[in-house]
2 protein chains.
Amino acid sequence: MATFEQALPAGFRWSAVQAGIKASGRSDLALAVTEEPAAAAAMFTSNQVKAAPLQVDAEHLRASGGYVRAVLVNAGNANCATGEQGLAAARESCAALGRTVGIAPHQVFPSSTGIIGVPLPVEKLIATLPAAVAGLSSGAEAAEAFATAIMTTDTRMKVAQAEVAIGGKPVRIFGCCKGAGMIGPQLVPHATMLVYLFTDLAAQPAELKAMLAPSVEASFNSISVDGDTSTNDTVLLLASGASGAAYGSASQEEQQAFRDALGTVCGKLAHAIIDDGEGVTHVVTLQIKGATDDAAAKRIAKSIAHSPLCKTAWSSADPNWGRIVAAAGYAGVQFDPADVSVHIGGLPVFERGTRSAAMDEAAVHQKMLQREFEIAVSLGSGPGKCQFLTCDLTVEYVHINADYST
Amino acid sequence: MATFEQALPAGFRWSAVQAGIKASGRSDLALAVTEEPAAAAAMFTSNQVKAAPLQVDAEHLRASGGYVRAVLVNAGNANCATGEQGLAAARESCAALGRTVGIAPHQVFPSSTGIIGVPLPVEKLIATLPAAVAGLSSGAEAAEAFATAIMTTDTRMKVAQAEVAIGGKPVRIFGCCKGAGMIGPQLVPHATMLVYLFTDLAAQPAELKAMLAPSVEASFNSISVDGDTSTNDTVLLLASGASGAAYGSASQEEQQAFRDALGTVCGKLAHAIIDDGEGVTHVVTLQIKGATDDAAAKRIAKSIAHSPLCKTAWSSADPNWGRIVAAAGYAGVQFDPADVSVHIGGLPVFERGTRSAAMDEAAVHQKMLQREFEIAVSLGSGPGKCQFLTCDLTVEYVHINADYST
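As the structure is a prediction and not an experimental result, all values here were calculated from the model.

Definitions and cut-offs
Here the residue index of a chain counts from 1 through its sequence in written order. As they are written, the chains are lettered A onward and the ligands numbered 1 onward, keeping that order. Totals for whole chains, interfaces and linings use all residues, but because this is a predicted model, local features are given only for residues with pLDDT of at least 70 and pairs of side-chain atoms are given and counted only at 80 or more. As a convention, hydrogens and water are excluded, and side-chain values are obtained from all of the structure's heavy atoms. Each domain's limits were defined by an automated method or a database of domain assignments. Residue contacts follow a heavy-atom distance rule, with two residues in contact if any of their heavy atoms lie within 4.5 Å. Defined here as a combined quantity, buried area equals the accessible surface (1.4 Å probe) lost by two parts on assembly, summed across both. Basic side-chain nitrogens of Lys or Arg form a salt bridge, by our definition, when they fall within 4 Å of a carboxyl oxygen of Asp or Glu. What qualifies as a polar contact is a pair of N or O atoms within 3.5 Å, subject to a donor-acceptor requirement within protein and to the restriction that residues adjacent in sequence count only when both atoms come from side chains. Strands here mean DSSP runs of E at least two residues long; helices mean DSSP runs of H or I at least four residues long; both are numbered from the N terminus. We call Asp, Glu, Lys and Arg charged. Ala, Val, Leu, Ile, Met, Phe, Trp, Tyr, Cys and Pro are nonpolar, and the rest, Gly among them, are polar. UniProt positions are given in the numbering used here, feature names are shortened, and annotations may be inferred rather than shown by experiment. Under the scheme applied here, a residue whose accessible area is under 20% of the maximum for its type counts as buried, over 50% as exposed, and between as partly exposed, the area being computed with a 1.4 Å probe on protein chains only. Here the copies are matched by least squares. The fit uses the C-alpha atoms of residues with pLDDT of at least 70 in both. How far a helix is expected to stretch is found by multiplying one less than its residue total by 1.5 Å. Helix axes use the C-alpha atoms of the stretch in contact, all axes being lines fitted to C-alpha atoms, and the angles between their N-to-C directions lie in the range 0 to 180 degrees. Any angle between 65 and 115 degrees counts as roughly perpendicular, while under 35 counts as roughly parallel, over 145 as roughly antiparallel, and the rest as oblique. With the far helix as reference, a near helix turned anticlockwise by less than a right angle produces a left-handed crossing, and one turned clockwise produces a right-handed crossing.

(A) Just the domain arrangement of chain A, in detail. Residue and element names in this part refer to chain A. Examined at the domain level, chain A breaks down into domain 1 (12–275) and domain 2 (283–403). Residue-level contacts link 14 residues of domain 1 with 14 residues of domain 2. Interface area, domain 1 with domain 2, both sides summed: about 1200 Å², of which 48% is carbon and sulfur. Linking lysine 298 and glutamate 217 is a salt bridge whose minimum nitrogen-to-oxygen distance equals 2.6 Å. Seen at the junction of domain 1 and domain 2, the total is 10 residue pairs in polar contact (both at pLDDT 80 or more). It is helix H7 (residues 252–275) that contributes the most residues to the side of domain 1 that touches domain 2, 4 residues altogether. When grouped by side-chain class, the residues that make up the side of domain 1 that touches domain 2 number 4 nonpolar, 6 polar and 4 charged.

Set out below in structure tokens:
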């Protein structure tokens, strides 16, 4: 269990209970309630197939003008590809929570994660709401319980914190997320990655939306475990305002400091997802540069990150630069192979289109035996660049996904 | 070993020898020589990184006006990402073979397959050319030796044959290929899939080109093992003319019969590649229909075929329709999830956006325990359709590619 090094943001209470949706019998219902309506910005998966709760979230944010009083998450069932019945189940959950807490259904932000295409046992969920509400607390144990109940194949809780001062007042960010497989997020102003970012900053929904998009692009949209873009990916940023510090009246330096802190929290959570990726034994940072533009650099990064041949080579610390160059080559991006250079762990392996004369295979292999290493690919002299975080493909990944129905 | 059920096309001789390029010490140099210049049509990988022999092939076909006297294939080294040295090695091989056989270097069509980014030991290759030429024969054993020497991680030889009558004369097709991993061919008028199609039809290079493209699109361009598009993929069709039957003077029905026979041979070879795919335990035919157009249907098929979550589920005969629908959803193609239906092995699992009421999970699981089964995905009422052949992702695939440097 991670511990909380800093104070949690004010204005939020959390809880978690066992609703019996996870087959394991672990806690699977997470609830967060705000004291006052919290300004919200959310991003959802770009998958054409969107889970029922995501459709309800979009409706509720429109109806509320971008304010949220409660976040209701179940793990163990994605409530996706469940048709009208799935939509009804999500709405019923929100209505039931609304009655229990005394808020409007459209002030509830529902999320689901787990198996796709199987009806959500909504009666189990609703039956546990009174206990979940009764257990709400602003303490660290409650926040940890929330972060734990949202997990599926995750092996550990993923949390990150930051604190900045605005107008002399401390403003806190607490982020938590889940996700270990079906990770290839493509969020559009858009994850079964679920990310919840809580802050006690005072801000408008539009301000939150503007700061969330670049933070997500550089973090959650720049990682992949298996390249499978989920139907349920969601990032939610909630600002309670309870710090008394308003973003709109902060100095430019303070605003930048807050955005940087948000970016740092998103970056830590994104790293935690890859580090806990299904079967992962190596975390690989791809640094692409010299592409025609950033979009081209990202296509190259994804092509390498999703290549089963690259990923299996990394699992055995095999400096197989040929697979890396080949994967770059089928990314659908134009470049001159004679300009390509590759460094692994800072060591040259491939220079200007051919094996590096300075290549020391044993030394490179040693670098790759570390849990984390970097692969730098230079495509030429273009301005396009990208940093992308990914992982190896192991026998354990296959076991997890061949044996477990998500 | 497959056996030859029909006569081989006339006008060709084959041989194979051990050049010491494969670490295993197995035969690794394959040679085919034609009695007269054979009309040729070739398609190469769309990968931006193209191996040296593919660059030399394109030059030689231009220089010869589309005629070939010899095909020289080495396995064990792809001669790719090897810079100017690699190009020089390919040219040197052709020049040496030309001297030995008594033909021009530009009449030689070189191919390489194996590890990428490591210099080709061209001196070993050249030293064995006299023995390869001395061993040339038009017999079945020689053709089998050719088809065997081109293998890398393949577990078995892949050959197919057909025969049609044109103007009363028998015209034969003999095809052979290699490929088990790094299979996601995208051949453009485009594999390390190597395919050689020999026929004794008399035809012009332009006629061959026109018939090869649709056969390749429906076969090699509609399969994938891992989605890794190789730097070396090549399909070569050679027509010796030795049957005495000319395509240009055949009836429309005869021409169609020949094109059909070519398509059948390509289809059998494509199936053989998937069936022998690295670690494959299940061969899956995807039937996509109801898309807006054929290109959209193919994007959906590839998204499903390349999804690690779908592929691992198939390995355990898990009817996980949720993963199939999710993979369709991130293909970058628009459709209405409420219109989607999925059948596995002919049995309904998902109908009009939700789990099929008629779904019998045990029966579907039984279907999926078979080595081959079909998954049909209907997206709606559009005219777009696609048949695509793929396979499961197993622990054995990871072992093969984590342990072996290709």
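There is more to say, and it comes next.
(B) Molecular detail of the UniProt feature "binding site: substrate" (unreviewed entry) in chain A. All names here are of chain A. Mapped onto this numbering, the UniProt entry annotates "binding site: substrate" (unreviewed entry) at Thr152, Lys178, Thr192, Glu278, Asn401 and Thr406. By the element assignment, threonine 192 lies in the loop between strand S7 (187–188) and strand S8 (194–199). By relative accessible area, threonine 192 is classed as buried at 5%. As for its position among the elements, asparagine 401 is in helix H12 (residues 395–403). Look at asparagine 401 and you get buried, because its relative accessible area is 0%.

(C) Structural context of the interface of chain A and chain B. On the side of chain B, 52 residues touch chain A, which itself brings 52 residues to the contact. Across the interface of chain A and chain B, roughly 4100 Å² is buried in total on both sides, 58% from carbon and sulfur atoms. Connecting chain A to chain B are 0 salt bridges. When contributions to the side of chain A that touches chain B are tallied by element, the ones reaching two or more residues are helix H9 (308–315), helix H10 (321–329), strand S13 (354–355) and H12 of chain A. Its residues placed into classes, the side of chain A that touches chain B shows 23 nonpolar, 24 polar and 5 charged.

(D) Focus on the pattern of salt bridges. Residues and elements named next belong to chain A. Evaluation of the coordinates by the stated rule reveals 18 salt bridges over all chains. Across the pair arginine 91 and glutamate 59 runs a salt bridge whose closest N-O atoms are separated by 2.7 Å. You can see arginine 91 sitting in helix H2 (residues 83–101) and its partner glutamate 59 sitting in helix H1 (residues 52–64), a full 32 residues away along the chain. With its nearest N and O atoms 3.5 Å apart, the salt bridge here joins arginine 156 to aspartate 276. By relative accessible area, aspartate 276 is classed as buried at 4%.

(E) Quick look at the relation of the copies chain A and chain B. Aligned on chain B, chain A shows an RMSD of 0.0 Å; the corresponding rotation is 180° and the shift along the axis is 0.0 Å. The superposition operator between the copies reduces to a two-fold rotation axis. Closest approach to the rotation axis among the C-alpha atoms of chain A is made by valine 395 of chain A, whose C-alpha sits 2.5 Å away. Most of the interface of chain A is mirrored in chain B, where 100% of its interface residues again form contacts.

(F) Examining helix H8 (residues 294–305) of chain A more closely. All names here are of chain A. Over its 12 residues, H8 runs 16 Å from end to end, which matches the ideal 16 Å to within 8%, given 1.5 Å per residue. Buried residues belonging to H8 abut helix H6 (205–218), strand S10 (283–291), H9, H10, strand S14 (372–378) and strand S15 (384–391). The N-capping residue of H8, defined by a side-chain oxygen 3.3 Å from the backbone nitrogen of alanine 295, is aspartate 293.

(G) Representation of the packing of H9 of chain A against H10 of chain A within the structure. Residue and element names in this part refer to chain A. Where H9 meets H10, the closest approach of the two axes is 9 Å, and the angle between their N-to-C directions is 155°. The angle between H9 and H10 places the two elements in the roughly antiparallel class. H9 and H10 meet at a crossing whose hand is left-handed. Contact residues: H9 offers Leu309, Cys310, Thr312, Ala313 and Trp314, while H10 offers Arg323, Ile324 and Ala327.

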